[in-house]
Amino acid sequence: MDFDKKNMTEGIRTAPLFQCRLCGGLLHSGGLSLKQIPVCNRFTLTREPAERHDLRLDQCARCQLIQLCEGLPIDAVMPRLPWIKYREPEGHLDSVVDRLLSGPCSKAGSSFGVGPFDQPLLHRFEQRGLSSSALETRLPQSSEGERFPYLETWQLGLNATNLAEVAHAYGQVDIVSCRYLLEHCDDPLGALRGLRQLLSADGVLIVEVPDSSKFLAARDYSFIWEEHISYFVESTLRLLAAKAGYAVVELHRYPGELEDALIAVLRSSGGEGGADVVQTGSSQSDLFRLYVSGLQPTRDFVQSSVAAAAGPSGDGVALFGIGHQAVMFVNAFDLSQYVAAAVDDDASKSGYFPPGFRVPVVPSQALLQDTRIRTCLFAVAPGIEHKVRDKLAPLAERGVQFRSIFAGVPGSLLSGQSSWH
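In this numbering scheme, every chain counts its residues from 1 along its sequence in written order. Note on the predicted model: pLDDT of at least 70 is required for a residue's local features to be given, and 80 or more for side-chain atom pairs to be given and counted; whole-chain, interface and lining totals, by contrast, use all residues. The side-chain quantities take in all heavy atoms of the structure and omit both hydrogens and water.

**Points about the overall build of the chain**
Starting at the N terminus, helices and strands are each numbered in turn, a helix being any DSSP run of H or I of at least four residues and a strand any DSSP run of E of at least two. In terms of helices and strands, the chain carries 15 helices and 17 strands. Here the globule rule reads 2.2 Å times residues to the power 0.38, and the radius of gyration is calculated from C-alpha atoms. The C-alpha radius of gyration of the chain comes to 23 Å, within 12% of the 22 Å expected for a compact globule of 421 residues. The buried label applies to any residue whose accessible area, calculated with a 1.4 Å probe on protein chains only, is under 20% of its type's maximum; exposed applies above 50%, and partly exposed to all values in between. Evaluated residue by residue, the chain yields a buried proportion of 53% over its 421 residues. Contacts were defined at the residue level, with two residues in contact if any of their heavy atoms lie within 4.5 Å. Here the analysis covers contacts within the chain between residues at least 6 apart in sequence; of these, 71% occur between residues at least 24 apart. Areas reported as accessible are Shrake-Rupley estimates using a 1.4 Å probe. Residue values count occlusion only from the protein chains shown. For the chain, the accessible surface area stands at approximately 18400 Å², while carbon and sulfur atoms represent 51% of it.

Set out below in C-alpha cells:
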C-alpha cells in the first residue's frame, strides 16, 4: 500500500503542468487530444515514415482561451522546403483602411508591418499617402541542415528585447500592423507588450487574427494545427489586449466562409491594469465542451463514410487541395488508407508525399484520367469550389460524387451526420 501511494504521489508530482498563455492559470485535463499527428508542412519526395507528435488542445477555465497545451519545438515545425508559404484573406482590407483613416488613424502619417502578411495592408496605406515599412523581425537561426524559417521563427522575434532593438533602429510610427501572427505566438501576451515599443505617443496597433467560433460550432477538426498555438474569439482577444496594457479602440468582424477575421485597433492604455480581468460566463466553455465531446463520433462517422466511398477495392476516393487542413483531416481521422489520389495543381507540390499519406500529389489532369475514383473530397475554400467543379466536370459526367471536407459547408461529407442537425 505504501509503495502504491508513493508511485501515485510520484506520478502526480511528475505529471506535466501547463499554464495559460493569457492569464497564467493552470490548464486541466478536460481538453481534446490528437495522437501521433505528423507536422503538416513535412512533404517528402519518398514515402518516408512521418515524424509524429501528440497535440493537446485545452481551454483555460479562468479566462476561456483555447490553446495548445504545449507547442512543438521550433525546429520540428520549421519548413524543410522553400515553397511552404501560406495565404491570408485580403478582400476586406480596402474597407479596413477606409475605416481606419476616417476614424482612429485620421492623423496617421507612418506605418510598420511586423510579419509576412502585412504587406497588402501597408500597400494600401502607401496609396493613401502614408510612409510604410515592412520590418524584418525574425531572429537569426542556425543554418544547420535544410531549414527555411517561416512563421514559427517570425513569432519568436515578437519579444520585448528584440522589439526594443527594432524600435531603436527604425523609430516609432503611428500604425503598427500585425496580421495573422499572434495566433502562432508561444507568448502572445509578451508579443503584444513588446509591440508597444514601436508605437508613437498616440499610435495604434492593428491586430488581425482568425476567429475560431465558426469551426468550433461546426465541430470541424481540420482547423486544429500545430502552428496555431492560440484559438481566439472576440472575448479572449479583448482580454489579451487588456492584460497587455491596451485599450480596445475598435474591434471589427469581417465575415469569412469558414472563419471570420477579427481586427482589433489597440492603443496603449499606459499600464497593464487588465491583469486581473477574467472572463465570466459559460458560453465559450460550452462551445469547447461540445467540440471535445464531438471528436470521437465525428471520427467514427467520417471513417465509415470514407470507407464506404472508397468501395470494395478501397481505391475510390480522391482528395483535392492538399494544404494543412487536408493533411490534418486525413491524419486526425486516420484516412490515409482510403485516399487513392492526392490532387493539387500547385506545381511545387507535384510528386511530393503529403505527411502521413500513402500516395504522392498529382495534378488534376491525372485525376481526370483515373477511372478508379468514385468520390472526390474537396479541401478548398468554398468560394472557389465552383471553379474546381468546372475543372472536374468530366468526373461528374461519369457519376463521381463531390463532397467538401469542411463541416460548415452545405452538402459536405459531414452534412449527413445526425448530430449536426
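**Focus on the confidence of the model for the chain**
Within the chain, residue pLDDT values average 91, and 91% of them lie at 70 or more. Confidence of the predictor at the level of single residues is captured by pLDDT, which takes values from 0 to 100. Under a pLDDT of 50 for its full length, residues 8–13 has, in the predicted model, 0 contacts with residues more than four places off or in other chains.

**Section: the side chain of H53**
As for its placement among the helices and strands, H53 is situated in strand β4 (residues 52–59). Once residues lying within four places of it in the same chain are set aside, the contact partners of H53 are L34, K35, Q36, I37, V39, L72 and A76.

**Quick notes on the packing of helix α7 (residues 188–195) against helix α9 (residues 234–243)**
At their nearest, the axes of α7 and α9 sit 9 Å apart, and the two run at 55 degrees to each other. When the interaxial angle is binned, α7 and α9 end up oblique. As for how α7 packs across α9, the hand of that crossing is right-handed. Contacts between α7 and α9 involve P188, L189, L192 and R193 on the former and, on the latter, L240, A241 and K243. Here the axes come from fitting lines to C-alpha atoms, over the contacting stretch only for helices, and the angles between their N-to-C directions go from 0 to 180 degrees. Working definition: roughly parallel below 35 degrees, roughly antiparallel above 145 degrees, roughly perpendicular at 65 to 115 degrees, and oblique for all remaining angles. Each crossing gets its handedness from the near helix: less than a right angle anticlockwise from the far helix is left-handed, clockwise is right-handed.

**Remarks on helix α11 (residues 295–310)**
Three or four residues apart is the spacing at which side chains of an α-helix point the same way, because the helix has 3.6 residues per turn. Here α11 is 16 residues long and its end C-alpha atoms lie 22 Å apart, about the 22 Å a rise of 1.5 Å per residue gives. Residues of α11 that are buried: L295, T298, R299, V302, S305, V306, A309 and A310. Around the axis of α11, the buried residues are gathered within 140 degrees of arc, so they sit on the same side. Here, expected helix span is obtained from the residue count minus one, scaled by 1.5 Å. By construction, the arc corresponds to the directions joining the helix axis to the C-beta atoms.

**Quick notes on the environment of L266**
By the element assignment, L266 lies in strand β12 (residues 261–268). When the C-alpha positions of L266 and D118 are compared, they lie 16 Å apart, and in sequence the two are 148 residues distant.

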